[in-house]
Amino acid sequence: MKKKWLAVLLAGTMTMTLGACGSSSGSSSSDSSSDSSAASSSANKDAIRFVNTKIEIDSALKDFAKQYEEETGQEVVIESLGGGVDVNGQLKNYYAAGNMPDIFAFGPDSYKSSFSDWLEPLDGEDWIEDTDYAFKGDDGKVYGMPFSLEGIGLAYNKDILDKAGIDPSTLTNIDAYKAAFEKIDGMKDELGLTSVCAVAAESGQMYWSTGNHLLAAYYSQGVDRDDKTYIDMVNNEGKIDEDRMGQFADWLQLLFDYSDQNVLISGTYDDQLALWATGKAAFITQGNWIDPSLPTYDATFACGLAPSAFTKEDTDGLIVDTPSLWGIYNKSDKIDACKEFLKALAESEEGQKALVENCGMVSPFKSCTLKPSTPLAQSMLPYIEAGKTYAWDWVTQPDNMAMNATAPVFELYAKGQLDKEGFVSTMASAIADYVASNGSK
């Protein structure tokens, strides 16, 4: 296997073999931001310095870097940021101090506002042809390599749906959901449920869920990945499509009506997750990033992700994208070496294993043969393989719009202080005012 890996690194034309939105959590690793200067100064001057922003994959990345050095002689120093570190702020501090890493992680949402002038174009790399998720700048050039995929939808407890006689593959439009919710609601006592859905809409703590992940359906559900109609209306004009937002309001009302009202109005993320993970709700408005939390609740039931299908027309895909990219600093003196390291992660058997098996991620590469072991991640694969995915267009909405403009509208609607028409008009005003005051991406 090592010979195969080395061959991948040396042969520039070899066919590719590889191809969780929770924020990074946990405390910083031994090579974290707190001692990054020490790490970089103690490393070989020819070492690649790689700043990783997902603390949970720190160990797996370091193991791969060690293997890579053994095979190629190229040292790669991994520095992992986590534990509440302001990643963008930390990278800006590095830049100001003339201490930028050679490779760093960035989000699609922070590209224009923070990193567009710092990234090396990656066009010509073989892995680009093996993924639909390479990150392109406004000039059409590729600047970021994807390394994982996350999906947004309604996570369901399949054991509950089976007992209720509901096939999750039929949940592709709002009428199908209405029928399913009504049926499950009539069986709550029999099924041991508190509510059909677990939804939390309090804007102080859950703005990222409502103003980003729920609103993602308005922007993207049923829309071709290259069609940016609805997000462009917001970014360029501060406007919404009121008919589509009205359909989205009907969807929200359905979710809210069948939710535990205490969790809906004042619940935290932990409250929402616990309701579903303990089998007290059939659905939860989250994505596959909740997979790692399921063992905490001893959740052993079968589960999966279903589409946020809010229209009467069938939209049978998930909102799937890469929450973070790896890019190369364009002033690095090791650009070619960095490209080879990223190539190894994307194309070698060891890199494939590191990302999927050891890091527990869903591969963004079409040729990947390894499968994730966690249930919600596994349920995403048929959608990805069939090309039934929609883009995370919400990541390019104006900075902090969820927190400061749209999430409060969700909360008012959940509390019944707005009707459907009020939700649409208030959302339109909130977005228009925020874009006018803050600008767009």
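Relevant structure appears above.
*Asks:* Explanation requested: helix 18 (residues 420-438) in the structure shown.
*Replies:* Because an α-helix completes one turn every 3.6 residues, residues spaced three or four positions apart along the sequence face the same direction. For helix 18, spanning 19 residues, the distance from its first C-alpha to its last is 27 Å, which sits close to the expected 27 Å at 1.5 Å a residue. Gly422, Phe423, Val424, Met427, Ala428, Ala430, Ile431, Tyr434 and Val435 are the residues of helix 18 that are buried. Where helix 18 is buried, its residues touch helix 10 (229-237), helix 11 (242-257) and helix 17 (401-414). Capping of helix 18 at its N-terminal end is provided by Asp419; its side-chain oxygen lies 3.3 Å from the backbone amide nitrogen of Glu421.

*Asks:* Even after reading the chapter, I still don't get the pairing of strand 12 (residues 325-328), so can you show me in this structure?
*Replies:* For a regular strand, the rule is simple: side chains alternate between the two faces of the sheet. Of the two faces of strand 12, the one carrying Leu325 and Gly327 and the one carrying Trp326 and Ile328 are both buried. Alignment of strand 3 (residues 103-106) against strand 12, held across four bridges, turns out to be antiparallel. The residue of strand 12 that forms the bridge with Ile103 is Ile328. In this structure, strand 5 (residues 142-146) lies alongside strand 12, joined through two bridges in antiparallel fashion. Within strand 12, the position partnered with Pro146 by the bridge is Leu325.

*Asks:* Where do I start with the pattern of salt bridges in this structure?
*Replies:* Close approach of charged atoms lets side chains of opposite charge pair. In this structure the tally under the stated criterion is 19 salt bridges. The closest approach of N and O atoms between Lys62 and Asp58, which form a salt bridge, is 3.3 Å. Pair noted here: Lys62 and Asp58 are both in helix 3 (residues 58-72), with a separation of four residues, about one helical turn. Among the ionic contacts, a cluster of salt bridges with common partners joins Asp102, Asp333 and Lys334.

About the thresholds
- Residues numbered from 1 in each chain as written.
- Predicted model: local features only at pLDDT ≥ 70, side-chain atom pairs only at ≥ 80, totals over all residues.
- Heavy atoms only, no water.
- Helix = DSSP H or I, 4+ residues; strand = E, 2+ residues; numbered from the N terminus.
- Expected span 1.5 Å × (residues − 1).
- Buried < 20%, exposed > 50% of the residue type's maximum accessible area, 1.4 Å probe, protein only.
- Contact = heavy atoms within 4.5 Å.
- Polar contact = N/O pair within 3.5 Å; in protein donor to acceptor, adjacent residues only side chain to side chain.
- Pairing = 2+ DSSP bridges.
- Salt bridge = Lys/Arg side-chain N within 4 Å of Asp/Glu carboxyl O.

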